[in-house]
Amino acid sequence: MARTGFAIGGQIPRTDVIELVQTAERRGFETFWFTEGSGKDALTQIAGVGPLTTKIKLGTGIVIHYTRTPSLLTMTLITLDEITNNRVILGLGTGSPKVKDNHGVPFEKPLGVMRDYVTIIKSALKGGPVSHNGKSYSINGFQLGFPAPRPNAPIYVAALNPSITQLAGEVADGVIFYVMTPDAVKEVLPYLKLGAEKAGRKVSDIAVTCFILANPDDSQEGIHSLKLQLSGFAASPPYKRRLSESGFSKEMEGAAKALANGDLNGAANAISDRMAESIAFIGDPSKWNDLINKYRAAGVDEPIIFPTGTSQQSMQLMRKALSIDLE
Amino acid sequence: MLRLAYLADGHLPLEALISLAKACEESKYESFFLNEGNTKDAFATLSALGTKTKSIGLGTGIAIIYSRTPTMIAMSAVAVDEATEKRLILGLGVGRGAGSSTGFNGSIENMYGVPFKMPLASMRDYINIIRQILKGNSVNYQGEAYSLKEFKFNFPSVRTDIPIYMAAQGPKMVALAGEIANGILFASVSPSYITEIMPWLIDGAKIGKRDYTRIDLGCNILTAPGWSQEATYRVWKAVAQRCSMPHYQKMFEQLGFSKEIKLIAQLVNIGDMQTAIDSTPMELVESVALIGDPKLWTERLEDYKKAGIKLPVIRPMTNLIESLRLIKETSDIF
């Protein structure tokens, strides 16, 4: 079975999380990803399911670097590697300017901070004292008090645009795309290569993953709910830009206008079927392999199914999404 | 029954921590604390320990606030509390700034790369923000050190009143704990120090319009049973190191060890640890640690109790096998 991942949000009750991750493991998914947002700590959740699984890799998709210091992230990474027997992938993202309101810290130099974080974590994992005088972040003499079970534990970087994709190519073990069409992936991937070459690395050593929204419910209501979620990206500048550049500027403008007026229905209606279908899985999972294959053909090593839906039925929908027969 | 807790060091392998937590649970310890420092993420480790234990309280002892944003600590606390079925005790401390760093694992600035800013104001803001997030409301908070705007947690916390304990030593931090925390965790202080600092706690409680007797008072006590050479050596070393730290120096001076600590601090500062250890008298170690025959410790713990400590937290500084032996022994004695 080709390598595929599954992702969930940070608001799902633990009993459901355990069922989902164990089912995903049984069904042969490569990786189970925890998003975080304004929900539960993804890394702590991994610690809580690590002892209840044996094979499946457990990743964060993603945690925002500003929320924790790089020293702590190194400590967390080794803690989780020990708990899960080296099955962890640390997915880092820069977040958005919302980090100021949500976390009380300034959204400054997101890319520079990312570069320094990955550099610091990678070097701290090796065990010696780390002094790093970066342009955006510095530490002086941090040393792990516990040896890393895996000094090369993987760090992936979330990317929406060429510049951070290039950075991922330079410093990370993988890249995590989100709300990208297969064509958008194709457009951006050369930058991964560029970054890798700049750092003297092989681009084939860098994992390419992509979160793809999914709603197994193709009733009118289900499609509306998916479109509502897609319209929400119009409120976040980096996503809005990404989607506009992917050929959906009309949709994004329409949704942004409606959202500004508090008109959620109008925002959902601004999203075309064409956009929804080219960027998300809709309806019965038996029909999803076409789109999955498009992503693989575009260069994605690991497509990640990320179900959405209204909260009442979300568990049911996630179960259905997991029932997919992967090719 | 005596309330009793255990503090383990995060540098121990996970399997060892699991054995210790289970042993403490079997021996009816009330709670099991984990320190963090530069070792393991305490929240992640407690989540894993939660899957291996059933009833014992699980605490961070402590997590340094500057390592994570206040929002992040709330998000982590909720995840642990859910995974451990409401057994989390959230222990928070400010750590040490570069100005006071001596010998230990380094300052907040060096270790974490963030400023050691306004420790009192930061601690107050962290606790206020965490409490508000746990309640599930949209949080608008303007603090001196941290502010949040319209943050809403999207997972209903399984317990909106997770107890928050503060590491406190100096008068101002103790007063702040009296004002806003559910408990205090003192570290390596003598009973007489606690007696002296108590008025600050009472004053703080008054400011917060709270009944100070309802604030839980815990104290980590370095522990070395006489039969453990390793623990004895490490406790002596830990006390010698503390002789070079300003906060502890004041306390030791008041206990009448001015002359001794001057010499010990000099030796620590020039890096001659062995001579420093050899120069540390037993009386000095005994003033802040449990040493010698465990059967005689009940009396010592009585001193702590009289000073106001409700939750002694033993911190055996030795290997797994000896620690397990000690847990068994203490549960028989107390």
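**Some remarks on helix α3 (residues 70-84) of chain A**
Residues and elements named next belong to chain A.
Phase 1: Between its first and last C-alpha, α3 extends 21 Å over 15 residues, near the 21 Å set by a 1.5 Å rise per residue.
Phase 2: Within α3, 15 of the 15 residues are buried, which leaves it mostly tucked inside the rest of the structure.
Phase 3: After α3 finishes, the residue asparagine 85 shows a positive phi value of roughly 60 degrees.

**Remarks on the pairing of strand β6 (residues 130-133) of chain A**
Phase 1: By the bridge criterion, 4 bridges tie β6(A) to strand β7 (residues 138-142) of chain A in an arrangement that is antiparallel. Note on β7(A): the bridge partner recorded for Val130(A) is Phe142(A).

**Here we look at the interface of chain B and chain A**
For interface size, the figure often reported is the accessible area lost on association.
Phase 1: Across the contact, 45 residues belong to chain B and 43 residues belong to chain A.
Phase 2: Breaking the side of chain B that touches chain A down by element, the ones donating at least two residues are α2 (42-50), α3 (70-83), α4 (108-112) and β7 (147-151) of chain B.
Phase 3: Considering each element in turn, the side of chain B that touches chain A owes the most residues, 10 residues, to α3(B).
Phase 4: For the side of chain B that touches chain A, the per-class residue count stands at 19 nonpolar, 19 polar and 7 charged.

**Examining helix α10 (residues 258-269) of chain B**
Residue and element names in this part refer to chain B.
Phase 1: In this model α10 runs 16 Å from its N-terminal to its C-terminal C-alpha over 12 residues, within 8% of the 16 Å that 1.5 Å per residue would give.
Phase 2: Of all the residues in α10, the buried ones are Ile261, Ile264, Ala265, Leu267 and Val268. Taken end-on, α10 shows its buried residues confined to a sector of 160 degrees, consistent with a single buried face. Exposed side of α10, more than 90 degrees from the buried face: Ser258, Lys259 and Asn269 are the residues found there.
Phase 3: Buried residues belonging to α10 abut α8 (229-242), α9 (246-254) and α11 (273-278).
Phase 4: Where α10 terminates, the next one or two residues include glycine 271, which has phi positive at roughly 90 degrees.

**A closer look at the domain arrangement of chain A**
Residues and elements named next belong to chain A.
Phase 1: In terms of domains, chain A is made up of domain 1 (5-217 + 283-322) and domain 2 (219-279).
Phase 2: Centre-to-centre, using C-alpha coordinates, domain 1 lies 24 Å away from domain 2.
Phase 3: Only α7 (182-198) and β10 (207-215) provide two or more residues apiece to the side of domain 1 that touches domain 2.
Phase 4: Class assignment for the residues of the side of domain 1 that touches domain 2 results in 5 nonpolar, 7 polar and 2 charged.

**Things to note about the nonpolar core**
Generally speaking, soluble globular proteins have nonpolar side chains that are buried together.
Phase 1: The biggest cluster of nonpolar side chains holds 235 residues, and the ones touching the most others in it are Val157(A), Val175(A), Ile212(A), Tyr6(B), Met166(B) and Ile184(B).
Phase 2: Among the domains, domain 1 (5-217 + 283-322) and domain 2 (219-279) of chain A are the pair contributing at least three residues each to this core.
Phase 3: Contact partners of Ile212(A), with chain neighbours within four places excluded, come to Ala280(A), Phe281(A), Tyr295(A), Pro303(A), Ile304(A), Ile305(A) and Phe306(A).

**Quick look at the pairing of strand β8 (residues 164-167) of chain B**
Residues and elements named next belong to chain B.
Phase 1: Residues Ile164 and Met166 point to one face of β8 and Tyr165 and Ala167 to the other, with burial holding for every one of them.
Phase 2: Judged from the 3 bridges that link them, strand β5 (residues 88-93) and β8 form a sheet pairing that is parallel. By the bridge assignment for β8, leucine 92 is matched with methionine 166.
Phase 3: Examined bridge by bridge, β8 and strand β9 (residues 183-187) share 3 bridges and lie parallel to one another.

Procedures and definitions
- Residues numbered from 1 in each chain as written.
- Chains lettered and ligands numbered in written order.
- Predicted model: local features only at pLDDT ≥ 70, side-chain atom pairs only at ≥ 80, totals over all residues.
- Helix = DSSP H or I, 4+ residues; strand = E, 2+ residues; numbered from the N terminus.
- Expected span 1.5 Å × (residues − 1).
- Buried ≥ 20, exposed ≤ 12 C-beta atoms within 10 Å, placed from the backbone.
- Pairing = 2+ DSSP bridges.
- Contact = placed C-beta atoms within 7 Å.
- Nonpolar A, V, L, I, M, F, W, Y, C, P; charged D, E, K, R; others polar.
- Arc of directions from axis to C-beta.
- Domains from an automatic or database assignment.
- Core = buried A, V, L, I, M, F, W, Y, C linked by C-beta atoms within 7 Å.

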